[in-house]
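Structural description and commentary
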Amino acid sequence: MNTVRANPFTEHPAAAGETYLVHLRTAAGFGFQMVFAGIACLVHALLPFLFVRTGSDCICRLYERMQTRRRRYQD
């Protein structure tokens with residue numbers, strides 16, 4: 001019986017049309033941007049005159065990037 005197990009490190013990146021390292025860099029970039037935007041939101045909560053649009057601008061930017069990437073790999 002020959003069973004082939006999917007490699008969990010490459011299965012999802014391949015489905016997204018990326019190598020493991022490209023996916024790592026892309027996902028980490030999204031993650032770091034979200035962390036920094038989250039910190040800006042926390043500072044904004046304490047000091048509402050700072051980072052007024054930082055969180056929402058980051059969300060919009062990341063959403064656009066994600067949609068562009070999805071369209072590229074779905075075509």
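None of these values were measured; they are calculated from a predicted model.

Conventions and cut-offs
Residues numbered from 1 in each chain as written. Predicted model: local features only at pLDDT ≥ 70, side-chain atom pairs only at ≥ 80, totals over all residues. Heavy atoms only, no water. Helix = DSSP H or I, 4+ residues; strand = E, 2+ residues; numbered from the N terminus. Contact = heavy atoms within 4.5 Å. pLDDT = per-residue confidence, 0-100. Phe/Tyr/Trp six-rings, centres within 6.5 Å; stacked < 30°, edge-to-face > 60°. Salt bridge = Lys/Arg side-chain N within 4 Å of Asp/Glu carboxyl O. Buried < 20%, exposed > 50% of the residue type's maximum accessible area, 1.4 Å probe, protein only. Patch = residues over 30% accessible without salt bridge, like charges linked within 9 Å, V, L, I, M, F, W, Y side chains within 5 Å. Areas by Shrake-Rupley, 256 points an atom, 1.4 Å probe, with all protein chains shown as cover. Expected span 1.5 Å × (residues − 1). Arc of directions from axis to C-beta.

Let's shift gears to the environment of Phe 51. With respect to the helices and strands, the residue Phe 51 is situated in the loop between α2 (20-46) and α3 (54-74). Put simply, Phe 51 and Phe 9 are 42 residues apart on the chain and 37 Å apart in space, counted from C-alpha to C-alpha. Residues in contact with Phe 51, not counting those within four places in the same chain, are Ala 40, Val 43 and His 44.

Any segment with low pLDDT has predicted coordinates that should not be analysed in fine detail. Looking at the protein as a whole, the pLDDT averages 90, with 93% of positions reaching at least 70. Confidence, expressed as mean pLDDT per element, reaches its minimum in the protein at helix α1 (residues 11-15) with 88 and its maximum at α2 with 96.

Geometry of an aromatic ring pair is reported as the spacing of the ring centres plus the angle between the planes. Counting across every chain of the model gives one aromatic pair. Taking the centre distance of 5.9 Å and the plane angle of 75° together, the rings of Phe 9 and Tyr 20 count as edge-to-face. Here Phe 9 is found in the segment before α1, whereas its partner Tyr 20 is found in helix α2, with 11 residues between them in sequence.

If the charged atoms of two oppositely charged side chains come close together, the side chains can form a pair. Counted according to the given criterion, the structure contains two salt bridges. Note that Glu 18 and Arg 69 form a salt bridge whose closest N and O atoms lie 1.7 Å from each other. With Glu 18 in the loop between α1 and α2 and Arg 69 in helix α3, this pair connects stretches of sequence that are 51 residues apart. When sorted by exposure, Glu 18 lands in the same class as Arg 69, which is buried.

Below, the discussion takes up a nonpolar patch on the surface. Side chains of Leu 46, Leu 47, Phe 49, Leu 50 and Phe 51 sit close together on the surface and give an oily, nonpolar patch of about 530 Å² of accessible area. Tracing the backbone shows Phe 49 in the loop between α2 and α3. The exposure class of Phe 49 is exposed, given its relative accessible area of 62%.

This paragraph deals with α3. For α3, with 21 residues, the first-to-last C-alpha span of 30 Å sits near the 30 Å given by 1.5 Å per residue. Buried within α3 we find Gly 55, Cys 58, Leu 62, Gln 67 and Arg 69. The arc enclosing the buried residues of α3, seen along the axis, measures out at 165°, which places them on a common side. On its buried side, α3 packs onto α2.

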